[in-house]
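These are the residues of each chain, in order.
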Amino acid sequence: MNIQKTKAEDFSRIETLAREIWEEHYTPIIGTKQVAYMLEKFQSVAAMQKQTKEGYAYFMINEGEELVGYLAFKEEQHGLFLSKVYVHSKARGKGLGKAAIEFVNTEVQKRGLKQIRLTVNKYNHNTIAAYLKMGFAKTRELVIDIGEGYVMDDYEMSLAV
């Protein structure tokens with residue numbers, strides 16, 4: 001497994017992977033229409049290009065030569081906001097998610113920051129359990145209007161580094 005910084009030409013591969021991950025994992029949680037909306041708004045090539053201009057850094061998670069996941073974060077005043085960390089179902093259970101969090105933890109330390117912050121859907125129970133196991137704590141509940149009548153109903157979680 002290796003994690004490498006993306007280049008602009010990698011975004012189309014990530015967009016394809018995001019669609020596979022999201023349609024499988026999130027459709028039962030938030031439904032087909034909201035998944036399609038969120039993919040376009042947050043996981044499309046255009047969205048990733050915009051986010052990188054806003055300071056987000058994207059990384060690919062590869063197993064051998066195969067792209068199996070991705071993550072993105074943005075530096076904040078006291079830590080990193082982990083905006084995205086996704087691993088394809090065929091690669092789950094191999095410690096890739098944990099390795100991704102360790103990678104982000106190292107980035108926090110390199111930058112002299114103090115925490116990782118993220119948001120996770122309140123009904124994404126297995127992912128919440130994994131974050132709790134890695135030492136994250138729920139810090140607050142968030143309901144964020146993302147347009148078109150959709151909201152993100154999330155927990156904010158953080159990990160002190």
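Here, the structure is the one placed above.
For the structure given in this document, a descriptive report is provided here. Owing to the predicted nature of the structure, the values given are computational and were not obtained by experimental measurement. (Residues numbered from 1 in each chain as written. Predicted model: local features only at pLDDT ≥ 70, side-chain atom pairs only at ≥ 80, totals over all residues. Heavy atoms only, no water.)

Some thoughts on the nonpolar core
Consideration 1: Leu-71, Phe-73, Leu-82, Val-104, Tyr-131, Phe-136 and Met-157 are the most contacted members of the largest nonpolar core, which has 28 residues in total.
Consideration 2: Taken together, the elements giving at least two residues each to this core come down to strand S2 (57-63), strand S3 (66-75), strand S4 (79-87), helix H5 (96-110), strand S5 (115-121), helix H6 (125-133) and strand S7 (150-160).
Consideration 3: Among the elements that make up this core, the one with the highest residue count is H5 (six residues).
Consideration 4: With sequence-adjacent residues up to four places away left out, Leu-82 is seen in contact with Leu-71, Ala-72, Phe-73, Ile-101, Val-104, Ile-116, Arg-117 and Leu-118.
Consideration 5: Within the second largest apolar cluster, 22 residues are counted, among which are Met-38, Leu-39, Tyr-58 and Leu-67. (Core = buried A, V, L, I, M, F, W, Y, C linked by side-chain atoms within 4.5 Å. Buried < 20%, exposed > 50% of the residue type's maximum accessible area, 1.4 Å probe, protein only. Helix = DSSP H or I, 4+ residues; strand = E, 2+ residues; numbered from the N terminus. Contact = heavy atoms within 4.5 Å.)

Quick word on the pattern of salt bridges
Consideration 1: All told, the structure shown has 12 salt bridges when counted by the stated rule.
Consideration 2: Its salt-bridge partner being Glu-54, residue Lys-50 comes within 2.9 Å of it at the nearest N-O pair.
Consideration 3: A salt bridge links Glu-107 to Arg-111; its shortest N-O distance comes to 3.3 Å.
Consideration 4: A relative accessible area of 10% places Glu-107 in the buried class.
Consideration 5: A residue is classified by how much of its surface remains accessible, and Arg-111, at 35% relative accessible area, is partly exposed.
Consideration 6: Where salt bridges share partners, they join Glu-75, Glu-107, Lys-110 and Arg-111 into one cluster. (Salt bridge = Lys/Arg side-chain N within 4 Å of Asp/Glu carboxyl O.)

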